[in-house]
Amino acid sequence: MRKRKSMVLVWCLILILMASCSSGSGGGASNTDSSGENAAEESTNAPAKPDEKEESGTSEMNFDMGGRTIKWVSWYDESIKEDNPDNIKKKQNLDELMKKHNFKMEYVTIDYGEYVNKVTSSLLAGEPLGDIIRMARPWMIPTLVKQDLFSPVDEFTKNQNVFIQQYTNDYSQFEGRGYGFRAGINGASSGIFYNRTLMEKLGLKPLQEYVNEDDWNWETFIQAAKEANKDTNNDGKLDTWGLASASILVQALAANDANIVSGDKQNLEDPKTKETLNFISQLATENIARPTEGGDWTEPGQFFRQGNTLMYAGSDYEMDGFKKDMPDLDIGFLPFPKGPSATEYHSHLTIPNYLTIPKAVEHPEQLVYIYEKINDIESIYDYPKQASLETLFKNEDDINNAKMAGESINVVDGKDGYPSMPYYELVGDIIDGNSVSTVIGKYKEPFQASIDEVWKK
C-alpha cells in the first residue's frame, strides 16, 4: 500500500512537469496493447536493464514519409488514451514522431464479427485495409502467410524494452520467421475466482494458504471442490458446490504444459495431454463439478454469481463484472492449480494476436520503428499490468496471484485454429463418462484430418 501511495505522488509530480514542459498534444496510438480477445485478452515482458536496452534498441532513423497517413486497423480502438503517465509519454512520443517523419496516424476500427472476412478479402485483393493490421494467429498462419501476404518483422523487433519476444519468435513464427509484433502485456491472467464469503461460511481451509504453501495443484484443487459440495439444509440435495463447471480443458492443458496440437500433428496421445484429459474426466465422473442445467457457455459464470458455488475458472478482466453483480460478496483470485507435469503456474491463450504489416505496404521497417519509438519509455510501474491489476483487485494476495499467473502464458492450439476439429465433441464425450483411452482412439484421426485441412491447403 505504501508503494501505491508513493506511486501516486510520483505521478502527480510527473503530470505537473509535463504540464509545464509539454508543447501540445494530438494524434494517437496503441496504449497498453491489450489483446481485445473476449473483451480483453492479456507472462509479461520484464523491462530490460539499461545496457540491454541500449544494445537492443533500434538506432535513430531519418526518413520523410511525405505526409502520408498510416492506417492502423484493429477490432478495437487502439489510439493512446492519456489516462496515466506512461500513456502520456507515449502520446508525446507519437506527436514528436509525426512531426519529425512527416506522417499522420489514423485508427480504423472494424467490428469483430466482420473483421476476419473484411481484412482477409483486402489482403487477397492486394489492397490491404491498413498499413498496420492486428491479426490473430489462426487467421493468418499457415494459410495467408504461405501466400506471402505479410512481411516478416523479426529483424526489426530486437528491443526487449518494447517488444514481447514471445509474440514475434513463437506466437507469430512460421518456417523460421516471425510476422507479428507487440508491446505491453502478453495477455490476460487466467486462473480461479473464488467466493471468500462462501469459503468462510462453510468453514473451509483458506484457499490462499495452498498457494502460500506451494501446494496449489490438481489434488488440492479437487479436495477443496469436494469439501464445498454440501447439503447445508439437510434435504438430501446439494445446495453449495465447489466448482462451476468441469468443462475447463483449455485452462487445464495450459496448466500442465500440454496441448492437443503440436505443429501440424494431433497431440492427444502425449502423456501430458492424457494426464489432462484424465483430470477433466475425474471432475465429471466423480461429480466434483456442479452439473449443467442445460445452459450455454455463460452458465458457469451464472452459477458463480448465485453465490453458492465456490470456484470458477476465468480471466482477470471478469472481475469488473463480479464486483458489479456480487457487491456483497468477497471475491478472490488464485492462479490455476499446477498440473502434475508443470513446475510453475500458467495462464492460457487460444488465439494470440499481434500487429502485422501486409507485404503490399512499403518500408515495413519504418512502421515497426515508429511503433518501437512510441513505446520505448521508462515506465513508472513496477511491472506492465500493475495499473490494471490494482484497479481490478483490492486484496494484495489477489493482485500478487494475478501477477504471478500472468508471468507465464501457454498457447493452447486447436480450439480456434481448426474449423472442422471436433473439439467440443471430444470434451462432451469425456464429461459424459467415456474412458479417456476410448475418446483418444475415437478422435485422433478426425483431429488430424482437421489439421491437415488447414496445413495442406
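In case you missed it, the structure is sitting above this.
Okay, so let's go over this structure. (Residues numbered from 1 in each chain as written. Predicted model: local features only at pLDDT ≥ 70, side-chain atom pairs only at ≥ 80, totals over all residues. Heavy atoms only, no water.)

1. So, the sheet that holds strand β2 (residues 103-109)
Selection criterion: Note on pairing: DSSP must find at least two bridges between two strands before they are called paired. A helix here means a DSSP run of H or I that spans at least four residues, while a strand means a run of E at least two residues long, and both kinds are numbered starting from the N terminus. Only the stretch in contact is used when a helix axis is fitted, and all axes are lines through C-alpha atoms; the angle between N-to-C directions ranges over 0 to 180 degrees. Whether two residues touch is decided by their heavy atoms; if any such pair falls within 4.5 Å, the residues are in contact.
Pairing is mixed in the open sheet, where 4 strands are placed in the order β2-β1-β3-β13. Of all strands in the sheet, those with a lone pairing partner are β2 and β13 (353-356), marking the two edges. Put simply, the sheet's adjacent strands are angled 25 degrees from each other on average, direction ignored. Pairing of strand β1 (residues 68-74) with strand β3 (residues 132-136) involves 2 bridges; the strand directions are parallel. What sits directly across from W72, in β3, is I132. Helix α4 (residues 112-124) rests against β1 and β3 of the sheet, and its axis sits at about 125 degrees to β3.

2. Considering the packing of aromatic side chains
We describe a pair of aromatic rings using the distance from one ring centre to the other and the angle between the two ring planes. Condition: Under the pairing criterion, centres of Phe, Tyr and Trp rings, with the six-membered ring standing for Trp, must be within 6.5 Å; the plane angle then separates stacked pairs below 30 degrees from edge-to-face pairs above 60, leaving the rest tilted. Categorising residues by exposure relies on relative accessible area from a 1.4 Å probe, with only protein chains included: less than 20% of the type maximum marks a residue as buried, more than 50% marks it as exposed, and the intermediate range marks it as partly exposed. Remark: a charge is flagged as sitting over a ring if the NZ atom of Lys or the CZ atom of Arg is within 6 Å of the ring centre and within 35 degrees of the ring normal.
According to the stated counting rule, one finds 29 aromatic pairs in the structure shown. With centroids separated by 6.1 Å and ring planes inclined at 35 degrees, the aromatic side chains of F221 and F336 adopt a geometry described as tilted. Note that F221 is positioned in helix α10 (residues 218-228) and F336 in the loop between β11 (331-335) and β12 (347-349), a separation of 115 residues in sequence. Judged by its relative accessible area of 0%, F221 is buried. Within the aromatic cluster, the residues linked to one another by ring pairs are F193, F304, Y312, F322, F333 and F393. For R290, the ring lying beneath its charged end belongs to F303, and the centroid distance is 3.8 Å. Over the aromatic face of Y345 sits the side chain of K338, whose NZ or CZ is 4.9 Å from the ring centroid.

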